[in-house]
Amino acid sequence: MSQSKFAHITQAPADPILGVSVAYKADTNPNKIDLGVGAYRTEEGKPYVLSCVRKAEKKMLEQNLNKEYLPIEGIKEFNDLTVRLLFGDTIKGNEGRIATTQSISGTGAVRLGMEFVRRFLPPGTTVYISNPTWGNHYSICKEAGVPYADYRYFDKKTNGLDFNGMMADIEGAPNGSVILLHLCAHNPTGVDPTQEQWNQIADLLHKKNHVPFLDCAYQGYATGDLERDGFAGRLFLQRAFEFLVAQSYSKNFGLYGERAGAFSVVCGNDDIAGKALSQIKLDVRPMYSNPPIHGARIVTTVLSDPVLAKEWVEELKGMAGRIVEMRHELFNALKAKNTPLPSGQAGEWRHITDQIGMFSFTGLTPDQCDRMINKHHIYMLKNGRISMAGLSKKNVQYMADAIHDVVTNVSNL
């Protein structure tokens, strides 16, 4: 056989998050814990399908629905319910300003947003991304051909928000830049601005004529309160910003494999919004033609049914509440052992309970994370991020013992 035309292709590195899950599954140690992938788990460590989702699927099955192609922009009712979920009562009178298309979950929504930035903002417009952030943000910008840069966000000394550094970098960005912001439950740190800080951020964005881009992956899942978690989106709409929004139902509906989400552009008026939607559809058509139907139907069925919607909210509160409980359990176990913090960090592991949402940024060094994995069979990211959903009352003491071991026996340098 002649030399392959593809022989020059090199092996790509494993995805840093999904690779952790692969390693976990291959491990036969009975004490192993998976704290890598951001998916909710029950107290028994099992995947959880929401009761309201099961009921919605039963209701859909009884309706004998077809499987025809959706319009390019997806299900209209789904889109309307999705923006109403984020914006709440502030949407009244603003409905026409918002151009929304169903997307392939949050990842697809962010990608559509970057395509929009590349096509319709001035050439060379840079997207500023928090440091650290969800790693896929960088990859999406790169693949879309959009310049990107960091702004300071996380203070390693306090394991909290570097608000002054964040504001200084947003101030220093060229006027009209895109500022990518996490709506709530910042990934990977679990550190969010306060509502007062969000107001200051909005003031600065307005002063600099920046374009906010809200990545909304955890509304309702962060605190169990949809309104509280959606504060920044409602603030920006009230302040009459033009901005971009990516929404996902993977976490708050548990629809990880259904890929249900939406991308929206909030415009200056109805006419611009109509034109924006027409252009977004031109991006969707050659990319994936039209979105998947099942997950969006589930969301639509739940949110349009007052009984199911109420049940969903209660289930959200339950998931958020279990994660809060695990934060306190881990903190108390570390405190009981007098576990020292990694070198140079202040406090007493209080950041574990101060942070919110699925993830906690522990402050462990890469070498300490290696020991967590190789000695204790606790699978986590090398930057110290853990998924709190992987902890339970059965394994949280084992987790605390492992952390105590690595911070007392592995160099902090």
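Structure: above.
Residues numbered from 1 in each chain as written. Predicted model: local features only at pLDDT ≥ 70, side-chain atom pairs only at ≥ 80, totals over all residues. Heavy atoms only, no water.

Caption draft 1: Fine view of the state of the cysteines. On inspection of all chains with the given rule, the structure shows 0 disulfides. Not engaged in a disulfide, the cysteine C216 finds its nearest cysteine sulfur in C184; these two sulfurs lie 7.5 Å apart. (Disulfide = S-S within 2.5 Å.)

Caption draft 2: Summary view of helix α15 (residues 396–409). Its 14 residues give α15 an end-to-end C-alpha distance of 20 Å, which sits within 8% of 20 Å, the value for a rise of 1.5 Å per residue. Buried positions along α15 lie against α12 (306–336), α14 (366–374), β12 (378–379) and β13 (385–387). (Helix = DSSP H or I, 4+ residues; strand = E, 2+ residues; numbered from the N terminus. Expected span 1.5 Å × (residues − 1). Contact = heavy atoms within 4.5 Å.)

Caption draft 3: Representation of the layout of surface pockets in the model. Counted as a void, the largest pocket has a volume near 1,100 Å³. Looking at the largest pocket, it is lined by 45 residues, and the ones nearest its centre are I17, W134, N136, N187 and R385. Elements with a contribution of two residues or more to the lining of the largest pocket: α1 (18–26), α4 (105–120) and α5 (136–144). For the lining of the largest pocket, a count of residues per class yields 22 nonpolar, 17 polar and 6 charged. Within this model, the second largest pocket holds a volume of roughly 590 Å³. Lining the second largest pocket are 24 residues, with Y24, D34, R41, G45 and G390 positioned closest to its centre. Breaking the lining of the second largest pocket down by element, the ones donating at least two residues are α1 and β1 (33–34). No other element matches the 3 residues that α1 contributes to the lining of the second largest pocket. Here the residues of the lining of the second largest pocket sort into 8 nonpolar, 8 polar and 8 charged. (1 Å grid on protein atoms, 1.4 Å probe; cavity = no way out; pocket = protein on both sides within 12 Å on 5 of 7 lines; lining within 4 Å. Points joined across faces, edges and corners; volume = space filled by probe spheres on them. Nonpolar A, V, L, I, M, F, W, Y, C, P; charged D, E, K, R; others polar.)

Caption draft 4: How the structure looks around unusual backbone geometry. The linkage connecting N131 with the following residue, P132, adopts the cis geometry, with an omega of 10°. The residue P132 is located in the loop between β3 (127–131) and α5 in this model. Omega for the peptide link from N187 to P188 comes to 20°, which places this bond in the cis form. Positive phi outside glycine occurs at H377, with the angle close to 60°. Assignment of secondary structure puts H377 in the loop between α14 and β12.

Caption draft 5: Seen up close, the pattern of salt bridges. In this structure the tally under the stated criterion is 21 salt bridges. A salt bridge links R322 to E43; its shortest N-O distance comes to 3.4 Å. On the criterion of sequence distance, the pair formed by R322 in helix α12 and E43 in the loop between β1 and α2 (51–62) is long-range, its members being 279 residues apart. Among the residues examined, R322 registers a relative accessible area of 9% and is labelled buried. (Salt bridge = Lys/Arg side-chain N within 4 Å of Asp/Glu carboxyl O. Buried < 20%, exposed > 50% of the residue type's maximum accessible area, 1.4 Å probe, protein only.)

Caption draft 6: Expanded view of the sheet that holds strand β10 (residues 260–266). Read from one edge to the other, the open sheet built from 7 strands follows the order β2-β10-β9-β8-β7-β3-β4, with strand pairing classed as mixed. Only two strands of the sheet have a single partner each, and these edge strands are β2 (98–104) and β4 (148–152). In this sheet, neighbouring strand axes are inclined to one another by 25° on average, regardless of whether the strands run parallel or antiparallel. Across 4 bridges, strand β8 (residues 211–216) lies against strand β9 (residues 243–248) in parallel orientation. Across the sheet, L214 pairs through a bridge with V245, a residue of β9. Packing of helix α3 (residues 76–87) onto the sheet brings it into contact with β2, β8, β9 and β10, and relative to β2 it is tilted by some 110°. (Pairing = 2+ DSSP bridges. Axes fitted to C-alpha atoms, helices over the stretch in contact; angles between N-to-C directions.)

Caption draft 7: The environment of P193, seen in detail. Mapped onto the elements, P193 comes out in the loop between β7 (178–182) and α7 (195–208). When the C-alpha positions of P193 and E348 are compared, they lie 21 Å apart, and in sequence the two are 155 residues distant.

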